[in-house]
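Now for the letters of each chain:
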Amino acid sequence: GAVVSQHPSWVICKSGTSVKIECRSLDFQATTMFWYRQFPKQSLMLMATSNEGSKATYEQGVEKDKFLINHASLTLSTLTVTSAHPEDSSFYICSAAGGTDTQYFGPGTRLTVL
Amino acid sequence: SQKIEQNSEALNIQEGKTATLTCNYTNYSPAYLQWYRQDPGRGPVFLLLIRENEKEKRKERLKVTFDTTLKQSLFHITASQPADSATYLCALLRCAGSQGNLIFGKGTKLSVKP
């Protein structure tokens, strides 16, 4: 089956620093990648949708200048949390779709901002 | 506003029994519905997809029904095993014809006791 990886799996950083999370589709080309955030005991919330080579589409309430998304190739998308603060601490999950109805999810990245 | 609800936050059953999880939605006419499994600290894993014109879908011990009149989907695990213990998420495609834009429920945490 399709495999999506994320790196790092967890990261702890100080308030004010920027954190980059990578999402890769390992065995298929992902025309569209999605970034989600999940707080404890909450559902996954879509943050943004990105198509290769174009600007990401952000959901209402998600600051595009704070959460920078780059989808430079058909196998890689990155999410950069700029000037992270404790309220940004969450579980960030990406998914990738290769033209079918199914999204394949990465294992997630646990971000803790001190 | 569109809502998706999974009726139980937690469900405890005995090994060998059938687990039935419910997903209800309002103010929405989804093109299809998906069920995912999520283990603690991990990303969701796709299980089944059912389209609006399908009544039932099966995969091994899993069965999903989709009643667009009741606006409800039921997810069954027959002959449940302790290894089935996890959180199960239902998700609806928000916009028919577009890829992604999934709306997730909060999930039901299933515990199967030996």
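Since the model is a prediction, treat every value here as computed from it, not as a measurement.

1. Regarding the nonpolar core
One broad rule of soluble globular proteins: the nonpolar side chains tend to lie buried together.
No. 1: If you look at the biggest cluster of nonpolar residues, it comprises 40 residues, and the most contacted ones within it are Y36 of chain A together with W35, F75, Y88 and F104 of chain B.
No. 2: Among the elements that make up this core, the one with the highest residue count is strand 9 (residues 86–93) of chain B (seven residues).
No. 3: Not counting residues within four places of it along the chain, the set of residues in contact with Y88 of chain B comprises Q6, L21, W35, Y36, R37, L47, F75, I77, G107, T108 and L110 of chain B.
No. 4: If you look at the next biggest cluster of nonpolar residues, it comprises 24 residues, including V11, A30, W35 and A96 of chain A.

2. Here's the deal with unusual backbone geometry
No. 1: The amide bond that connects H7 of chain A to the next residue, P8 of chain A, takes the cis arrangement and shows omega of 0 degrees.
No. 2: Note on placement: P8 of chain A falls in the loop between strand 1 (4–7) and strand 2 (10–13).

3. What about the pattern of salt bridges?
All names here are of chain B.
No. 1: According to the stated counting rule, one finds six salt bridges over all chains in the structure shown.
No. 2: In this structure, R37 and D39 form a salt bridge, with 3.1 Å as the shortest nitrogen-oxygen distance.
No. 3: What makes R37 buried here is its relative accessible area of 18%.
No. 4: Here E54 and K57 are joined by a salt bridge, their closest N and O atoms 3.7 Å apart.
No. 5: For K57, a relative accessible area of 28% gives the class partly exposed.

4. Notes on the state of the cysteines
Residue and element names in this part refer to chain A.
No. 1: Scanning all chains against the criterion turns up two disulfides over all chains.
No. 2: The disulfide partner of C23 is C94, and the S-S distance across this bridge is 2.0 Å. Of note, the bridge from C23 to C94 carries an S-S torsion of about 75 degrees and is right-handed in sense. Here C23, found in strand 3 (residues 19–25), pairs with C94, found in strand 9 (residues 90–97); they are 71 residues apart in sequence, far enough to count as distant.

5. Some details on the interface of chain A and chain B
No. 1: Taken together, the contact between chain A and chain B spans 23 residues of the former and 21 residues of the latter.
No. 2: One can count zero salt bridges joining chain A with chain B.
No. 3: Our enumeration of links across chain A and chain B arrives at two residue pairs in polar contact (both at pLDDT 80 or more).
No. 4: Of all the secondary-structure elements, those providing two or more residues to the side of chain A that touches chain B are strand 4 (32–38) and strand 9 of chain A.
No. 5: Broken down by element, the residue count for the side of chain A that touches chain B peaks at four residues, all from strand 4 of chain A.
No. 6: Class assignment of the residues belonging to the side of chain A that touches chain B gives a composition of nine nonpolar, eleven polar and three charged.

6. Here we look at the side chain of Q38 of chain A
No. 1: Along the chain, the position of Q38 of chain A falls in strand 4.
No. 2: Q38 of chain A gets classed as buried once you look at its relative accessible area, which sits at 10%.
No. 3: What Q38 of chain A contacts, discounting residues up to four positions off in sequence, is S43, L44, S90, F91 and I93 of chain A together with Q38 of chain B.

7. Focus on the pairing of strand 6 (residues 56–59) of chain B
Residues and elements named next belong to chain B.
No. 1: Where strand 6 and strand 7 (residues 62–67) come together, four bridges link them in antiparallel fashion. Bridging across to strand 7, K57 finds its partner in V64.
No. 2: In sequence, strand 6 turns back onto strand 7 through a hairpin of two residues, with E60 there showing a positive phi of about 55 degrees.

8. Thoughts on the environment of Y92 of chain A
Residue and element names in this part refer to chain A.
No. 1: Secondary-structure assignment places Y92 in strand 9.
No. 2: Here the alpha-carbon distance between Y92 and D65, two residues 27 residues apart in the chain, equals 17 Å.
No. 3: The residues contacting Y92, other than those within four sequence positions of it, are Q6, I21, Y36, R37, M47, F67, L79, G108, T109 and L111.

Rules and cut-offs
Residues numbered from 1 in each chain as written. Chains lettered and ligands numbered in written order. Predicted model: local features only at pLDDT ≥ 70, side-chain atom pairs only at ≥ 80, totals over all residues. Heavy atoms only, no water. Core = buried A, V, L, I, M, F, W, Y, C linked by side-chain atoms within 4.5 Å. Buried < 20%, exposed > 50% of the residue type's maximum accessible area, 1.4 Å probe, protein only. Helix = DSSP H or I, 4+ residues; strand = E, 2+ residues; numbered from the N terminus. Contact = heavy atoms within 4.5 Å. Salt bridge = Lys/Arg side-chain N within 4 Å of Asp/Glu carboxyl O. Disulfide = S-S within 2.5 Å. Polar contact = N/O pair within 3.5 Å; in protein donor to acceptor, adjacent residues only side chain to side chain. Nonpolar A, V, L, I, M, F, W, Y, C, P; charged D, E, K, R; others polar. Pairing = 2+ DSSP bridges.

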